[in-house]
Amino acid sequence: MGKQVFQGCYTTEASGEEGFVVFLIGMRINKWRAVHQWLPVLRAMPPMIKELYTYKDKGFLEMENFFTGRTVLLLQYWKSEEALLAYARGEKHRKAWKKFYQLAGDTEEVGIYHETYLQKPGQYESIYGNMPKFGLAKAIGHTKINPQTVSARRRLNRHG
């Protein structure tokens, strides 16, 4: 999260006619004692995260990281499905995927997951109160709530 807190209520800036992609990816440690299985999966993440921030000109927008107990979650925002899929076909990601299946693909010690959501204009809304830029606001920008964006319904209708 950013350091500057924006006092008051904000919403994300309208992205015109274009949508965006929300991508959730992560891992789950199913057996803590199987460090040899899950640690390589965990270690594969930082180089790919670093690479993503060099991929901004190719469609990666922003990311938030979460770690709770056994689960790691990376919440990512992309300009398009095509940009996300192009990254997935890249060398670093393909190598990590291949290594995962070599080490843990047929075991139950560690799991991986991803979910992809294609967001169309008018099918999302957001509000942030007394927050640093976070999530979608960090990805596409934010603007102060005004009479046209004061309610969730109004925020949804302004995109369409």
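Everything quoted here is computed from the prediction, not taken from an experiment.

Colleague: Even after reading the chapter, I still don't get the packing of aromatic side chains, so can you show me in this structure?
Modeller: Two numbers describe a pair of aromatic rings. These are the distance of the centres and the angle of the planes. Taken as a whole and assessed by the stated rule, the structure comprises 10 aromatic pairs. Look at F20 and Y77: their rings are 6.5 Å apart centre to centre, the planes differ by 55°, and that puts the pair in the tilted class. Here the residue F20 occupies a position in strand 2 (residues 20–29), and Y77 occupies one in strand 4 (residues 71–78), the gap between them amounting to 57 residues. Residues F20 and Y77 agree in their burial class; the two are buried. A network of ring pairs unites the aromatic residues Y53, Y55, F60, W78 and Y87 as a single cluster.

Colleague: Just to check I follow, could you spell out the side chain of H93 for this structure?
Modeller: Tracing the backbone through its elements, the reader meets H93 in helix 3 (residues 91–103). Here the side chain of H93 touches A88 through a polar contact of 2.8 Å, landing on its backbone oxygen. Among residues more than four places away in sequence, those in contact with H93 are M48, Y87 and A88.

Colleague: Could you clarify how one ought to interpret the layout of surface pockets in this entry?
Modeller: One way to see where empty space is left: roll a probe the size of a water molecule over the atoms. Quantified by volume, the largest pocket comes out at close to 580 Å³. As for the largest pocket, its lining consists of 28 residues, of which F23, I25, M48, H93 and W97 are closest to the centre. Residue assignment for the lining of the largest pocket shows that the elements contributing at least two residues are strand 2, helix 1 (35–52), strand 4, helix 2 (81–88), helix 3 and strand 5 (110–119). Looking at the lining of the largest pocket element by element, the count peaks at seven residues for helix 1. The residue inventory of the lining of the largest pocket, partitioned by class, reads 21 nonpolar, five polar and two charged.

Parameters at a glance
Residues numbered from 1 in each chain as written. Predicted model: local features only at pLDDT ≥ 70, side-chain atom pairs only at ≥ 80, totals over all residues. Heavy atoms only, no water. Phe/Tyr/Trp six-rings, centres within 6.5 Å; stacked < 30°, edge-to-face > 60°. Helix = DSSP H or I, 4+ residues; strand = E, 2+ residues; numbered from the N terminus. Buried < 20%, exposed > 50% of the residue type's maximum accessible area, 1.4 Å probe, protein only. Polar contact = N/O pair within 3.5 Å; in protein donor to acceptor, adjacent residues only side chain to side chain. Contact = heavy atoms within 4.5 Å. 1 Å grid on protein atoms, 1.4 Å probe; cavity = no way out; pocket = protein on both sides within 12 Å on 5 of 7 lines; lining within 4 Å. Points joined across faces, edges and corners; volume = space filled by probe spheres on them. Nonpolar A, V, L, I, M, F, W, Y, C, P; charged D, E, K, R; others polar.

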